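Per-entry structural report
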Amino acid sequence: MLQVEDDPGKKNEGTTFVQMESVVKAVGLPVNFSEEVEDDPGKKNEEKSPSHKFDNTRKRRYSSDEEYRSRERKDRYEIGSRYWGDEGTKSHRSNILREPDHHSKKRVDHRKNLDANSMNEEGVKEQKKGKEVDPIMTRTGGAYIPPARLRMMQAQITDKSSLAFQRLSWEALKKSIHGLINKVNVSNIPLIITSLFKENIVRGRGLLTRSIIQAQAASPTFTHVYAALAAVINSKFPNIGELLLTRLILQFRRGFRRNDKHICMSSTRFIAHLVNQQVAHELLALEILTLLLENATDDSVEVAVGFLKECGQKLGEVSPRGLTAVFDRLRHVLHEAELDKRVKYMIEVMFQVRKDGFKDNPAIVTDLDLVEEEDQFTHLMSIEEEKLDPQDMLNVFKHDPEYEANEEKYQAVKIEIIGEDSGEIDGFDEDNEESSEESATEEEAKEGDIVDETETNLIALRRTIYLTIQSSLDHNECAHKMMKMQMKPGQETELCHMILDCCTQQRTYEKFFGLLAQRFCQINKAYIPPFEQIFHDTYDTIHRLDTNKLRNVAKMFAHLLFTDAISWQVMANIRLTEEDTTSSSRIFLKILFQELSEYMGLSKLNLRLKDPTLQTYFEGIFPRDDPRNTRFAINFFTSIGLGGLTDELREHLRTHPKPPPVTVPAPVSTLSAAAAQLLLESSDSDSSSSSSSSSSSSSSSTTSSSSSSNGDGKNKGSRKKHRAKDQPHDRHQPDRIRSNRHRHFKEKDSKSSLRR
């Protein structure tokens, strides 16, 4: 049978109360939280049994559930189990009044003990405060101490193995490493590396790696600089490179688990440049790319594209198949995955970067390629490796019992790396400007003058001269601007070289450069010797210039010679012979003398070349030592249209006596007396016939007089006469040919006489 409910509203109220009671029990609040607070606690204790002395009845309302739980927890704990402070002791005092007597004595005694202990602790603290004097220990990481005071404090400590001295040296090491890392850039990285090696980076390797990672995270655009610094340090201390790579891998894993894109971007960028520097193996880069593209999201693809852009060129060199697989995965992600348009555009840009050969993202900048490939130590580490220890305790100061021995060991290593002339370790970083200036002046006084081996000032001077030349309208303006530059002694040669170099770079010769060089030679005679020396050097290396440059140089020096800006004594270096000239030097001399003839005229040029005071300097141009060289000079000037300069050479060649022929007679011992006499007579007749070349009558008279003593000699003379008629003597024929012909005739006549 169905039972009819009398009042459904009462039932609903009952069920609601039951549900509320269950919820309140689960939370821990009292059921009767809505009841009024009783005024007399004594009556309540009489009504309730003693076994329920810790009931949930509250004396006031609480603002939150946690406040109630903490209050209830304090009430239920005994005083001796945990110290709760002043508020807890007050609440327990009120409970003591309500508790039975067998607990009161015990708790009062315990409270007295706590008060005594607190008094003792306060006294100990006051004593410790009175004893603490070391300011290094006053703050975490050390308080700031001026460098002068820090040196004074270190000088007062004689025991280097003491805790105070090691703490001071640790603080100085930390400041020095942090300051050097913050100052590093592309231009001063060799100096920073040398300064770092002067510090004990083996002891402070934890500080060094932490500073490098923090600096890279703060300045991501300098990541390639920090990677180059780490590569140099890794080549000398591989354990520091391994520690740096380990911390970067752990940092990337932590950022990847936390979905922190900023940490992932900075760590992967650093790892990419370490792969470029061959500190990390390329397998680590491929593992990171595989992890990022396995479950592609917008952030993971963005990190992967940035990572691939930094080390893509290096991966293409060492692992082209792995790079191809990564781009295949990117192509699949581009077509299949649901990504943002911005990320898809980044992938398309990445494909274009690969097509261009990563020209805008080179693996290593030329100025940062500091380590040879065979000297580098590459670490093969995996991103999934579990036994990676960051060695965080290396970042904290720790007392070293063998401090002095370790310092001596590092000093030996430092001398092996950077040599003995590197200077002593200062020990402390100079933070203020005054101390740094003093140390700089002391170093300059010790080392002396600084020699600029990079030629920075020279390059800047040449750049200034070039810009001045290009921006000037005429040679007078250019010379006026350059004279205002106030060049140092010894820079005149660079000015002369720069004028000649600018002249050679022109397509055609411009008279501007000749006038400019002439102007400088006329203003100051100090510019004359450099131009004369440049003439000698240029003629000696003229074969290195092409035809265009050779023409411009020849025309410029012709202008200087025509205007007497330089002395004609420079011609002493020239020797116009077939052996001493080349095709380039002959072209140079051709253009030089043609320009001089055009400027001065042939008659004036001839007069200048015949000047008695300059004849010693023109002996090489107009040689008279050998007829062969004389003929070569005559033919050269005739071929270039300046044959009028060779009149004296022709006259010299015409009037100069020819050297006697060199004959090698047969040994006389093998011939008879008659044959020797005949050979002697024939040689006299040959010499007389060869010397008389002006007329045939003298030749015949000579042969007839020589043949009157002997009938055979007469026949021989007649034969020579016929030969002389058939083959007339050429005075321009080389002497060597004539001597050979005479030798042939003598040998033939001697043989015929022997037969007879």
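Residues numbered from 1 in each chain as written. Predicted model: local features only at pLDDT ≥ 70, side-chain atom pairs only at ≥ 80, totals over all residues. Heavy atoms only, no water.

**A look at the overall build of the protein**
Here is the rule: Numbered from the N terminus, helices here are DSSP runs of H or I no shorter than four residues, and strands are runs of E no shorter than two. Only protein chains enter the accessibility calculation, which uses a 1.4 Å probe; a residue is then buried when its area is under 20% of its type maximum, exposed when over 50%, and partly exposed in between. Computed with the Shrake-Rupley method and a 1.4 Å probe, the accessible areas treat only the protein chains shown as cover for residues.
Along its length, the protein carries 32 helices and 0 strands. With 756 residues in all, the protein has 35% of them scored as buried. Per element, the accessible surface of the protein, about 46700 Å² overall, is 50% carbon and sulfur.

**Observations concerning empty space enclosed by the protein**
Quick note on the threshold: Any residue with an atom within 4 Å of a point lines the site, the site being either a cavity, points on a 1 Å grid over the protein atoms alone where a 1.4 Å probe fits but cannot get out, or a pocket, an open set with protein on both sides within 12 Å along at least 5 of 7 lines. Grid points are joined across faces, edges and corners, and a volume is the space filled by probe spheres set on the points.
Enumeration according to the criterion identifies 7 cavities of 30 Å³ or more in this entry. Roughly 110 Å³ of volume is contained in the largest cavity. Lining the largest cavity are 13 residues, with L609, Q615, F622, R624 and E648 sitting closest to its centre. Elements represented by at least two residues in the lining of the largest cavity include exactly α26 (602-609) and α28 (647-655).

**Regarding the packing of helix α13 (residues 282-294) against helix α15 (residues 320-336)**
Test applied: Fitted lines through C-alpha atoms serve as axes, helices being fitted only where they are in contact, and the angles separating the N-to-C directions of these axes extend from 0 to 180 degrees. For this classification, under 35 degrees means roughly parallel, over 145 means roughly antiparallel, 65 to 115 means roughly perpendicular, and everything else is oblique. Crossings are assigned a handedness: left-handed for a near helix turned anticlockwise from the far helix by less than a right angle, right-handed for a clockwise turn. Throughout, a residue-residue contact means that at least one pair of heavy atoms, one from each residue, lies within 4.5 Å. In this classification, Asp, Glu, Lys and Arg are treated as charged, Ala, Val, Leu, Ile, Met, Phe, Trp, Tyr, Cys and Pro as nonpolar, and every other residue, Gly included, as polar.
Where α13 meets α15, the axes come as close as 11 Å, and the angle between the chain directions of the two elements is 10 degrees. With respect to each other, α13 and α15 are oriented roughly parallel. Seen along the crossing, α13 lies across α15 with a hand that is left-handed. Between α13, through L286, L289, L293 and E294, and α15, the contact on the second element is made entirely by G322, V326, R329 and L330. Tallied by class, residues from the contact of α13 with α15 come to 5 nonpolar, 1 polar and 2 charged.

**Some points on unusual backbone geometry**
One non-glycine residue, N259, adopts positive backbone phi at about 60 degrees. Mapped onto the fold, N259 is located in the loop between α11 (238-257) and α12 (261-276). One non-glycine residue with positive phi stands out, namely Q278, at about 65 degrees. Its location among the elements puts Q278 in the loop between α12 and α13.

**Overview of helix α22 (residues 511-523)**
Spelled out, the test is: To estimate how far a helix should extend, the number of its residues minus one is multiplied by 1.5 Å.
Compared with an ideal rise of 1.5 Å per residue, which puts 13 residues at 18 Å, α22 spans 18 Å between its outermost C-alpha atoms and is within 8% of the ideal. What α22 keeps buried is the set F512, F513, G514, L516, A517, Q518, F520 and C521. Of the surrounding secondary structure, the elements contacted by the buried residues of α22 are α19 (456-470), α20 (475-483), α21 (492-504), α23 (528-540) and α24 (547-562).

**What to know about the pattern of salt bridges**
Let me state the cut-off plainly: Salt bridge, as applied in this entry: a Lys or Arg side-chain nitrogen positioned within 4 Å of an Asp or Glu carboxyl oxygen.
In the structure shown here, the tally under the stated rule is 16 salt bridges. In this structure, R269 engages E310 in a salt bridge whose closest nitrogen and oxygen atoms are separated by 3.6 Å. Highlighted residues: R269 in helix α12 and E310 in helix α14 (residues 298-318), separated in sequence by 41 residues. Residue E310 is classed as buried on the basis of its relative accessible area, which comes to 15%. Two residues, D501 and R462, come together in a salt bridge whose shortest N-O distance is 3.1 Å.

**What about the nonpolar core?**
Condition: Nine residue types can take part in a nonpolar core, namely buried Ala, Val, Leu, Ile, Met, Phe, Trp, Tyr and Cys, and a core is a set of them joined through side-chain atoms within 4.5 Å.
Counting residues in hydrophobic clusters, the biggest one holds 74 residues, and the most contacted among them are I181, L208, L274, L308 and I347. The biggest single contributor to this core is helix α10 (residues 223-236), with 9 residues. When sequence neighbours within four positions are dropped, the list of residues in contact with L208 reads I177, I181, L196, I201, I233 and I240. Of all hydrophobic cores here, the second largest spans 62 residues; its members include L495, F588, I591 and I634.

**Some remarks on the packing of aromatic side chains**
Note the threshold: Classification of ring pairs rests on two measures: the distance between centres of Phe, Tyr or Trp rings, Trp counted by its six-membered ring, which must be within 6.5 Å, and the angle between planes, read as stacked under 30 degrees, edge-to-face over 60 and tilted in between. To sit over a ring, a charge needs its Lys NZ or Arg CZ within 6 Å of the ring centre and within 35 degrees of the ring normal.
All told, the structure shown has 16 aromatic pairs when counted by the stated rule. Taken together, a centroid distance of 6.0 Å and an interplanar angle of 35 degrees make the contact between F252 and F256 tilted. With a gap of 4 residues between them, F252 and F256 both fall in helix α11, about one helical turn apart. In this structure F256 comes out as partly exposed when scored by relative accessible area, which is 33%. Among the aromatic residues, those joined into a ring-pair cluster are F535, Y539, F557 and F588. The side chain of R354 reaches across the aromatic face of F327, ending 4.4 Å from its centre.

**Focus on the packing of helix α25 (residues 583-600) against helix α27 (residues 627-639)**
One can describe the packing of α25 onto α27 by two numbers: an axis separation of 11 Å at closest approach and a directional angle of 55 degrees. When the axes of α25 and α27 are compared, the pair comes out oblique. The way α25 lies across α27 gives a crossing that is right-handed. Where α25 abuts α27, its residues R586, L589, K590 and F593 lie against F632, F636 and F637. Here the contact of α25 with α27 is built from residues that sort into 5 nonpolar, no polar and 2 charged.

**Focus on the state of the cysteines**
Rules: Criterion for a disulfide: a pair of cysteine sulfur atoms at a distance within 2.5 Å.
Tallied over the entire structure, the rule returns 0 disulfides. Note on C521: no disulfide assigned, nearest cysteine sulfur contributed by C496 at a separation of 6.6 Å.

**Notes on α19**
Put simply, the rule reads: The arc in question is traced by the directions running from the helix axis to the C-beta atoms.
An ideal rise of 1.5 Å per residue puts 21 Å on 15 residues; α19 measures up with 21 Å between its terminal C-alpha atoms. Listing the buried residues of α19 in full gives L461, I465, T468 and I469. Buried residues of α19, seen end-on, are gathered within an arc of 100 degrees and therefore sit on one face of the element. Packed against the buried residues of α19 are α20, α21 and α22.

**Considering the side chain of N361**
Inspection of the secondary structure puts N361 in the loop between α16 (341-355) and α17 (403-418). Here N361 falls in the buried class, since its relative accessible area comes to 18%. In contact with N361, other than residues within four places in its own chain, are K309, Q313 and V353.

**So, the confidence of the model for the protein**
Rule in force here: For every residue, the predictor assigns a confidence score, pLDDT, that lies between 0 and 100.
In the predicted model, the protein carries a mean pLDDT of 74, and the fraction of residues at 70 or more is 63%. Below a pLDDT of 50 lies the segment residues 77-90, which in the model reaches 12 contacts outside its immediate sequence neighbourhood of four places, other chains included. Contacts from residues 686-734, a stretch scored under 50 in pLDDT, to residues over four places away or in other chains number 35 contacts.

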